[in-house]
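Understanding the architecture of this molecule
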Amino acid sequence: AVLARIDEVEGDVQAYLTVTRDEALAQAKAVDEKIARGEEIAFLEGIPGAIKDNICTKGVKTTCASRILQKFVPPYDATVVQKLAAQNPVVLGKTNLDEFAMGGSTENSAFHPTHNPWNTDCVPGGSSGGSAAAVAAGTAVWALGSDTGGSIRQPASFCGVVGMKPTYGRVSRYGLVAYASSLDQIGPITKDVTDCANILNIIAGRDEMDSTSIDSVVPDYTKSLVQDVKGLKIGLPKEYFVKGMDPEVEGAVKAAVKQLEALGAEVVEISLPNTDYAISTYYLIAPAEAATNLARYDGVSYGERAEDAADLVEMMTKTRSQYLGEEVKRRIMIGNYALSAGYYDAYYLKALKVRRLVKEDYDKAFKEVDVIICPAAPSVAYKIGEKIDNPLEMYLQDACTVPLNLAGLPGISVPCGYNKDKMPIGMQIIGKALDEETLIRVAYTYE
Ligand code: GLN
């Protein structure tokens, strides 16, 4: 049925870069036969889902939506893919993204943009726009995304689905193609909070292949699927409800918070005073780490290599010039600039200090409240092409999502209504480190 749905709408939505149709059908048939034989099946067995194309899948192309990796077939599975495989779900294919997850609209894919299923003239958000659009369009039942500065939560919000960025280290990054290693995290994009809890149950946990993964017991997240927010303290950060925020988005999020209040939660205004600096901080740290991580695409170890180079340096220069996209090059240049001698202290080191201040704002707030609620994005999905020529305006769109990546905290986006044009709006719930349980409880109660 899902493959039929792909035939029906994928031409308009274009959520996928690769559909592994034959493998998916064979897998589904095998599960059918197992059921016919009366054998027991695993929880996720046979349930079709999709994986963002920056997560390595053994034997299946993993391009990061970049021409430099257009033929790259990983020899191994990411840990999350291995963990899912133990449940034998049907994997339908790999979803589109902004090249190397750099962007917020999926327009930076080197291959094609993805269209928002609610209005195909609009972007699906990004960078996990393919995953969010697939779940929204019914061309996948669940999907994995990655979130460095909002890439799960913002597309979930734009496409009217649920998306969670777990605590940094809750889910292994082994096999996730690195963008900014101190910020990247894999998480689920699903139709509802129940599915989110179920996928998180499978992918969470310590992995010895990722030394930054946290060694702490993984609770059963489905136990948090309870409708109860009585006595819970919700903080509304005043810095997020400021000018620049679409009034319809603000209205929908505030109405959702009112509903939680009616269900017994206590709502207080809080302040996260360094919020204003989060964008500048993120757009130094993320490019700095990206510049370092992407140094490996040199035409030698991975991917494409330019022809006709006279020597090694020319080969590397030509390869990177020809096969990397504009936004990726921009970030590599910003990152290398911020890291270079003479500028390091003024930019990169300063950014690290401000990162600490942003984190301390949250530490202080969480002494007083259990969760923080704000919009997942300052607007609803905008038109394809509307912002792509203005990188700075694009970066400002990330104001609601990047602060918690800097602090390593978990956040979830849940649909909380529509604007007058029937475009979905997402409410973001932010929690304490490793407290995904409370996020799930609040999101589930609201949903
Ligand atoms: N939009 C942000 C960026 O361009 C976040 C991307 C992400 O989370 N991967 O960096």
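Note that the coordinates shown come from a computational prediction; the quantities given were computed from them, not determined experimentally. (Residues numbered from 1 in each chain as written. Predicted model: local features only at pLDDT ≥ 70, side-chain atom pairs only at ≥ 80, totals over all residues. Heavy atoms only, no water.)

Secondary structure summary: the chain contains 14 helices and eleven strands in total. The C-alpha radius of gyration of the chain comes to 21 Å, within 12% of the 22 Å expected for a compact globule of 447 residues. In terms of overall dimensions, the chain has C-alpha extents of about 70 × 70 × 45 Å along its principal axes. When burial is assessed residue by residue, the chain has 57% of its 447 residues classed as buried. If you take every contact in the chain between residues at least 6 apart in sequence, the share linking residues at least 24 apart comes to 74%. Approximately 17600 Å² of the chain is accessible, and the part contributed by carbon and sulfur atoms is 52%. Distance from the positive charge centre (45 side chains) to the negative charge centre (59 side chains) of the chain: 3 Å. (Helix = DSSP H or I, 4+ residues; strand = E, 2+ residues; numbered from the N terminus. Rg over C-alpha atoms; globule rule 2.2 N^0.38 Å. Buried < 20%, exposed > 50% of the residue type's maximum accessible area, 1.4 Å probe, protein only. Contact = heavy atoms within 4.5 Å. Areas by Shrake-Rupley, 256 points an atom, 1.4 Å probe, with all protein chains shown as cover. Lys, Arg positive; Asp, Glu negative; His and termini not counted. Charge placed at Lys NZ, Arg CZ, Asp CG, Glu CD.)

With that out of the way, let us pick up the sheet that holds strand β11 (residues 424-431). Reading across from one edge, β1-β3-β2-β4-β6-β5-β10-β11-β9-β7-β8 is the order of the eleven strands in this open sheet, with mixed pairing throughout. If you trace the sheet from one side to the other, it starts and ends with β1 (16-19) and β8 (266-270), each paired once. Direction aside, neighbouring strands of the sheet carry axes that sit 25 degrees apart on average. Here strand β10 (residues 411-418) pairs with β11 via six bridges, running antiparallel. Bridging across to β11, Pro-415 finds its partner in Gly-426. (Pairing = 2+ DSSP bridges. Axes fitted to C-alpha atoms, helices over the stretch in contact; angles between N-to-C directions.)

Taken together, 15 residues form the shell around the ligand, and within it Thr-148, Gly-149, Ser-151, Tyr-179 and Tyr-282 come nearest. Take Tyr-282: an N or O atom from its side chain is 2.6 Å from an oxygen atom of the ligand. Protein contact buries 99% of the 290 Å² of open area that the ligand shows by itself. For the shell around the ligand, a count of residues per class yields five nonpolar, seven polar and three charged. A domain-level breakdown of the shell around the ligand finds at least three residues from each of domain 1 (2-272 + 358-446) and domain 2 (279-349). (Near = heavy atom within 4 Å. Polar contact = N/O pair within 3.5 Å; in protein donor to acceptor, adjacent residues only side chain to side chain. Nonpolar A, V, L, I, M, F, W, Y, C, P; charged D, E, K, R; others polar. Domains from an automatic or database assignment.)

We now examine the packing of aromatic side chains. Inspection of every chain in the model, using the stated rule, returns 13 aromatic pairs. Between the aromatic rings of Phe-100 and Tyr-297, the centroid separation amounts to 5.0 Å while the plane-to-plane angle is 45 degrees, which identifies the pairing as tilted. One end of the pair, Phe-100, is in the loop between β3 (91-95) and α4 (129-137); the other, Tyr-297, is in the loop between α8 (278-293) and α9 (312-323), with 197 residues separating them in the sequence. Judged by relative accessible area, Tyr-297 falls into the buried class, the value being 4%. An aromatic cluster of at least three residues, connected via ring pairs, comprises Phe-72, Phe-100, Tyr-297 and Tyr-302. Lying across the ring of Tyr-382, Lys-387 places its NZ or CZ 4.7 Å from the centre. The side chain of Lys-422 reaches across the aromatic face of Tyr-418, ending 5.0 Å from its centre. (Phe/Tyr/Trp six-rings, centres within 6.5 Å; stacked < 30°, edge-to-face > 60°. Lys NZ or Arg CZ within 6 Å of the ring centre and 35° of its normal.)

Quick look at the nonpolar core now. Ranked by size, the top nonpolar core spans 112 residues in total, and within it Phe-100, Leu-144, Tyr-362, Ile-373, Met-427 and Ile-429 carry the most contacts. Considering every element that reaches this core, the biggest residue donor is α8, with ten residues. Sequence-distant contacts of Phe-100, defined by excluding residues within four places in its chain, comprise Cys-64, Ser-66, Ile-68, Leu-69, Val-177, Tyr-179, Leu-294, Tyr-297, Leu-324 and Val-328. Leu-3, Ala-50, Ala-134 and Cys-159 belong to the second largest nonpolar core, which has 23 residues in total. (Core = buried A, V, L, I, M, F, W, Y, C linked by side-chain atoms within 4.5 Å.)

Let us now look at the pairing of strand β4 (residues 142-146). Regular strands place their side chains on alternate faces of the sheet. The element β4 is extensively covered by neighbouring structure, given that five of its five residues are classed as buried. Here β4 shows two buried faces, one formed by Trp-142, Leu-144 and Ser-146 and the other by Ala-143 and Gly-145. Bridge count between strand β2 (residues 49-52) and β4: three bridges; the pairing is parallel. Residue pairing across strands places Gly-49 opposite Trp-142, the latter belonging to β4. The pairing of β4 with strand β6 (residues 186-190) spans five bridges and is classified as antiparallel. Its bridge partner lying in β6, Leu-144 is registered against Pro-188.

Segmentation of the chain into domains returns domain 1 (2-272 + 358-446) and domain 2 (279-349). With centres defined by C-alpha atoms, the gap from domain 1 to domain 2 works out at 27 Å. Buried area between domain 1 and domain 2, both sides added, is near 2400 Å², and the carbon and sulfur share of it is 64%. At the junction of domain 1 with domain 2, the criterion picks out one salt bridge. Joining domain 1 to domain 2, the criterion identifies 14 residue pairs in polar contact (both at pLDDT 80 or more). Counting only elements with at least two residues in the side of domain 1 that touches domain 2, the list comes to α12 (391-396) and α13 (402-407). Per-element tally for the side of domain 1 that touches domain 2: the top contributor is α12, with three residues. (Buried area = accessible area lost by both parts, 1.4 Å probe. Salt bridge = Lys/Arg side-chain N within 4 Å of Asp/Glu carboxyl O.)

For the rest of this paragraph, the subject is the packing of helix α6 (residues 193-203) against helix α14 (residues 436-446). In a packed pair of helices, the relevant descriptors are the angle between the two axes and the axis-to-axis distance. Contact geometry for α6 and α14: axes closest at 9 Å, N-to-C directions at 160 degrees. When the interaxial angle is binned, α6 and α14 end up roughly antiparallel. Read as a crossing pair, α6 and α14 show a hand that is left-handed. Together, Val-193, Thr-194, Ala-197 and Leu-200 of α6 and Glu-436, Ile-440, Ala-443 and Tyr-444 of α14 make up the contact between the two elements. Classifying every residue of the contact of α6 with α14 gives six nonpolar, one polar and one charged. (Parallel < 35°, antiparallel > 145°, perpendicular 65-115°, else oblique. Left-handed = near helix turned anticlockwise from the far one by under 90°.)

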